[in-house]
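Summary of structural features
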Amino acid sequence: IRCGDLEVDPSAMVIRRRGVQLHATAKEFHLLKLLMERAGRYVTKNDIEYALYDASSLVESNAIEVNIYNLRKKLGTDVIKSIRGVGYMIER
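This section reports on the structure supplied with the text. Keep in mind that this is a model prediction, so the values were computed, not measured.

Take Arg17: it is sitting in strand β3 (residues 14-17). In this structure Arg17 touches Asp5, Leu6, Leu22, Leu75, Gly76, Asp78 and Val79, once residues within four positions along its chain are discounted.

Printed below as a string of structure tokens:
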């Protein structure tokens, strides 16, 4: 999956930006993959929780924000857009 200079390879669980491989946790990887699959559209926090966690898991109130923060540190702050109360998006 490609969006600009960002690439996610789901079969190898690899993330690359500008050709450089980045390390991410499994949750970060799956979150980024979800955002890239829906590139150009905002994904709500509820949609992210539903996609990343099973119904029996207790999700900390800031778990999504922590993963977004960590991804932004690794990818750069310009990759993941957010609108408070709406969700997160990666542009196409």
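This is not the end of the story, as more comes after the structure.
Roughly 200 Å³ of volume is contained in the largest pocket. Looking at the largest pocket, the residues that line it are Lys45, Glu65, Ser82, Ile83, Arg84, Gly85, Val86, Gly87 and Tyr88. Mapped by element, the contributors of at least two residues to the lining of the largest pocket are β5 (80-83) and β6 (87-90). Residues belonging to the lining of the largest pocket are distributed by class as follows: 3 nonpolar, 3 polar and 3 charged.

Our next topic: the pattern of salt bridges. When charged atoms on two side chains of opposite charge get close, those side chains can pair. Taken as a whole and judged by the stated rule, the model has 9 salt bridges. With a closest N to O distance of 3.2 Å, Asp78 and Arg17 form a salt bridge. Here Asp78, found in the loop between α3 (63-75) and β5, pairs with Arg17, found in strand β3; they are 61 residues apart in sequence, far enough to count as distant. In this structure Arg17 comes out as buried when scored by relative accessible area, which is 9%. A salt bridge links Lys45 to Glu65, with the nearest nitrogen and oxygen atoms 3.3 Å apart. Pair noted here: Lys45 is in helix α2 (residues 45-52) and Glu65 is in helix α3, with a separation of 20 residues, a long-range link. By relative accessible area, Lys45 is classed as partly exposed at 28%. Residue classification places Glu65 among the partly exposed residues on the basis of a relative accessible area of 33%.

Now for the environment of Val79. Tracing the backbone through its elements, the reader meets Val79 in the loop between α3 and β5. Judged by relative accessible area, Val79 falls into the buried class, the value being 9%. As for Val79 and Met89, which are separated by 10 residues in sequence, their C-alpha atoms are 8.4 Å apart. Leaving out residues up to four positions away in the same chain, Val79 has contacts with Leu6, Arg17, Met89 and Ile90.

To continue, consider the nonpolar core. Core analysis: the biggest nonpolar cluster contains 24 residues, and Leu6, Leu32, Leu35, Ile48, Ile80 and Ile90 have the highest contact counts within it. Setting aside residues up to four positions removed in sequence, Ile80 forms contacts with Leu35, Ile68, Leu71, Arg72, Tyr88, Met89 and Ile90.

On to the packing of helix α1 (residues 26-37) against α3. Two numbers describe how α1 lies on α3: the axes approach to 10 Å, and their chain directions differ by 85°. When the axis of α1 is compared with that of α3, the two are roughly perpendicular. Across from Lys27, Glu28, Leu31, Leu32 and Leu35 in α1, the residues of α3 making contact are Ile64, Asn67, Ile68, Asn70, Leu71, Lys74 and Leu75. Split into classes, the residues belonging to the contact of α1 with α3 amount to 7 nonpolar, 2 polar and 3 charged.

Rules used in this analysis
- Residues numbered from 1 in each chain as written.
- Predicted model: local features only at pLDDT ≥ 70, side-chain atom pairs only at ≥ 80, totals over all residues.
- Heavy atoms only, no water.
- Helix = DSSP H or I, 4+ residues; strand = E, 2+ residues; numbered from the N terminus.
- Contact = heavy atoms within 4.5 Å.
- 1 Å grid on protein atoms, 1.4 Å probe; cavity = no way out; pocket = protein on both sides within 12 Å on 5 of 7 lines; lining within 4 Å.
- Points joined across faces, edges and corners; volume = space filled by probe spheres on them.
- Nonpolar A, V, L, I, M, F, W, Y, C, P; charged D, E, K, R; others polar.
- Salt bridge = Lys/Arg side-chain N within 4 Å of Asp/Glu carboxyl O.
- Buried < 20%, exposed > 50% of the residue type's maximum accessible area, 1.4 Å probe, protein only.
- Core = buried A, V, L, I, M, F, W, Y, C linked by side-chain atoms within 4.5 Å.
- Axes fitted to C-alpha atoms, helices over the stretch in contact; angles between N-to-C directions.
- Parallel < 35°, antiparallel > 145°, perpendicular 65-115°, else oblique.

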